[in-house]
Amino acid sequence: MHFLLSLFLLSTVYAADLPYDDQEFGCIGQAAADRYVRAFGVDVKSFGGLELCDGSRDTKKLLNDLYLIEGSTFEAAGEHKFIRGYVDRQNYFEWLKQETRGVRRGHDLPYATAYNSGGYFTMQDGWAKLSTLGRVGTIIHEARHTAGYRHYACTFGPYANSRTAGCDTSYEQGGSHAVEMEYYARVVLESKNLHPVYQSMARLMALGRSNFVFNKNPLQKREALLGLSAAGLVLVDGGQVYERALPAVPAEARLKRTSFGASLVAGEQSLAIDLSDPTEFSLTDDYSYYKLFQLPRDRAPTSVKSTEEVDIGNMRYFTVLSNEGRISSYNFPEGNWFAASNPVADAATFVTRAPDGQAGLFVVTTDGSILPFDPSTRRYGLPLKDRWPSDSAAYAMLGAQLVVLNAEGEVLDAESGVGVPSLAHYRFTELVNVPLYDAFEVVP
Ligand SMILES: [Zn+2]
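Residues numbered from 1 in each chain as written. Predicted model: local features only at pLDDT ≥ 70, side-chain atom pairs only at ≥ 80, totals over all residues. Heavy atoms only, no water.

Enquirer: Would you mind going over the packing of aromatic side chains with me for this structure?
Expert: How two aromatic rings sit relative to each other is given by the distance of their centres and the angle of their planes. If you walk through the whole model with that rule in mind, you get 24 aromatic pairs. Measuring from centroid to centroid gives 5.9 Å for F260 and Y287, while their planes differ by 85 degrees, and the two rings are edge-to-face. Taken as a pair, F260 in the loop between β9 (254-258) and β10 (261-266) and Y287 in the loop between β12 (283-284) and β13 (306-312) lie far apart in primary sequence, 27 residues in all. Judged by relative accessible area, which is 3%, Y287 ranks as buried. (Phe/Tyr/Trp six-rings, centres within 6.5 Å; stacked < 30°, edge-to-face > 60°. Helix = DSSP H or I, 4+ residues; strand = E, 2+ residues; numbered from the N terminus. Buried < 20%, exposed > 50% of the residue type's maximum accessible area, 1.4 Å probe, protein only.)

Now the structure itself:
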């Protein structure tokens, strides 16, 4: 469900830009379709039969992807850590053709997006749910496997501590993840005719994936502070304070940390915020695990009261608190949900920072009890000694300083109660820590 694709401020859209939305591609000619089908060995029947016009049909989605790859033009635009020349910027289409024996649609590996067996790609249900950008990134990723690059067990992130081979050893290895990230970086920095929305998607996808798919992390992360007010978002990055416009979101939307930055989340729907560039579009969150709600999965939570994507130790978790006070946690290697926890009476919300400053995952109840939950064991700890102060909305870190958002919307030093001077004239309803990465710098 795409409930929002709305915000743009200054991005320039040229008529010559290639489309990014499946509904905007128009019909493809029979001859062009035949050429793609032959060149890539497309098993048209497995995609539901040839479809030249309807962008909601899987065959046309694949044809759209190939059209995008063939039609994109790139030009060198300076150095970037993700651009290493694994694939020549002028040569994506020919390279992809060389690395593809055949493409078919299958339903045999429901937790995967796609897989490559000897140059034959099988696109799964998850592939069909992706945006154009996500699908193009997937086929480019799969094509790299044809040259013999495989994955390895992950040392951190959602697939850590499992036997799932989902990660590359390093960016320098030049495997499927690196080739995929290089493509996204080229879209952001080097493309001459791709739509600004497609570019924004590429930046978010590059951040959302590169932060966990390489065992030697190519990104430097720093923690920033993000406040939500009626007027907009305020990002505090070290000594810098940036104001960001607020996309149109439902009144009940909550501001959440995500692995790529932040999202505004309302129930099962979420809007990704591109923190690095205020001129860019905000998009349905296909980049953090808030996207999980888009696919049916076994034992999915029955209702959504509060959600967190949270890193604890070397692991990443995605957890949901239901209206009944049960916690569901996603089992990444298995592609389904763990059985929900026992219910906590009067559970109100998750928090990830306690009043004493400790980080973790906690359930706060309506009477102010704070119950730690360990997502690795899916067990509750003993309630904290502190209760949640009724005049506190959130705790967060401003560098090394623990700050509190009070009920009036002011940000104060948590210990002294003195207002933070740089934020004195803002009134926030929410305050969260968010990660920023050095792959794409923050634009004022
Ligand atoms: Zn792969």
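There is more to say after this.
Enquirer: Help me understand the state of the cysteines, please; the structure alone is not making it clear to me.
Expert: What we call a disulfide is simply a covalent bond connecting the sulfur atoms of a pair of cysteines. Tallied over the full model, the rule gives two disulfides. Each sulfur of the disulfide joining C27 and C53 lies 2.0 Å from the other. The chirality of the disulfide connecting C27 with C53 is right-handed, given an S-S dihedral of about 115 degrees. Of the two residues, C27 is situated in the segment before α1 (30-40) and C53 in the loop between α1 and α2 (58-71); the sequence distance between them amounts to 26 residues. The exposure class assigned to C53 is partly exposed, which follows from its relative accessible area of 37%. (Disulfide = S-S within 2.5 Å.)

Enquirer: What exactly am I supposed to notice about helix α5 (residues 132-146) here?
Expert: Across its 15 residues, α5 extends 22 Å between first and last C-alpha, which sits within 8% of the 21 Å expected from 1.5 Å per residue. Counted residue by residue, α5 has 14 buried out of 15 residues, so it is predominantly covered. Just downstream of α5 lies G148, where phi reads positive at about 100 degrees. (Expected span 1.5 Å × (residues − 1).)

Enquirer: How do you make sense of the confidence of the model for the protein chain when you look at a structure like this?
Expert: In low-pLDDT segments, the atomic positions of the prediction should not be examined closely. For the protein chain, per-residue confidence averages 93 on the pLDDT scale, and residues scoring 70 or more make up 96% of the total. A low-confidence stretch, residues 1-13 (pLDDT under 50), is modelled with 34 contacts involving residues beyond four sequence positions or located in other chains. (pLDDT = per-residue confidence, 0-100. Contact = heavy atoms within 4.5 Å.)

Enquirer: Please explain the packing of α1 against α2 as it appears in this structure.
Expert: Helix packing for two helices is described by the angle between their axes and how far apart those axes are. The geometry of α1 relative to α2 is characterised by a closest axis approach of 11 Å and an angle of 90 degrees between their N-to-C directions. Judged on the interaxial angle alone, α2 and α1 are roughly perpendicular. Taking contact as the criterion, the partners of A33, R35, Y36 and F40 in α1 are, on α2, L63, L66, Y67 and E70. Looking at the contact of α1 with α2 residue by residue, the class counts come to six nonpolar, no polar and two charged. (Axes fitted to C-alpha atoms, helices over the stretch in contact; angles between N-to-C directions. Parallel < 35°, antiparallel > 145°, perpendicular 65-115°, else oblique. Nonpolar A, V, L, I, M, F, W, Y, C, P; charged D, E, K, R; others polar.)

Enquirer: In this structure, what is going on with the pairing of strand β15 (residues 327-331)? I would like to understand it.
Expert: Successive side chains on a regular strand alternate, one facing one side of the sheet and the next facing the other. The buried fraction of β15 amounts to five of the five residues, a majority that puts the element mostly inside the structure. Summarising the sheet, strand β14 (residues 315-321) and β15 pair through three bridges and their orientation is antiparallel. Paired with V320 across the bridge in β15 is S328. Linking β14 back to β15 in an antiparallel pair, the connection comprises five residues, with G325 at a positive phi of about 85 degrees. Relative to strand β16 (residues 336-337), β15 runs antiparallel, the two sharing two bridges. Bridging across to β16, Y330 finds its partner in W337. Connecting the antiparallel pair β15 and β16 is a turn made up of four residues, with G335 showing a positive phi of about 70 degrees. (Pairing = 2+ DSSP bridges.)

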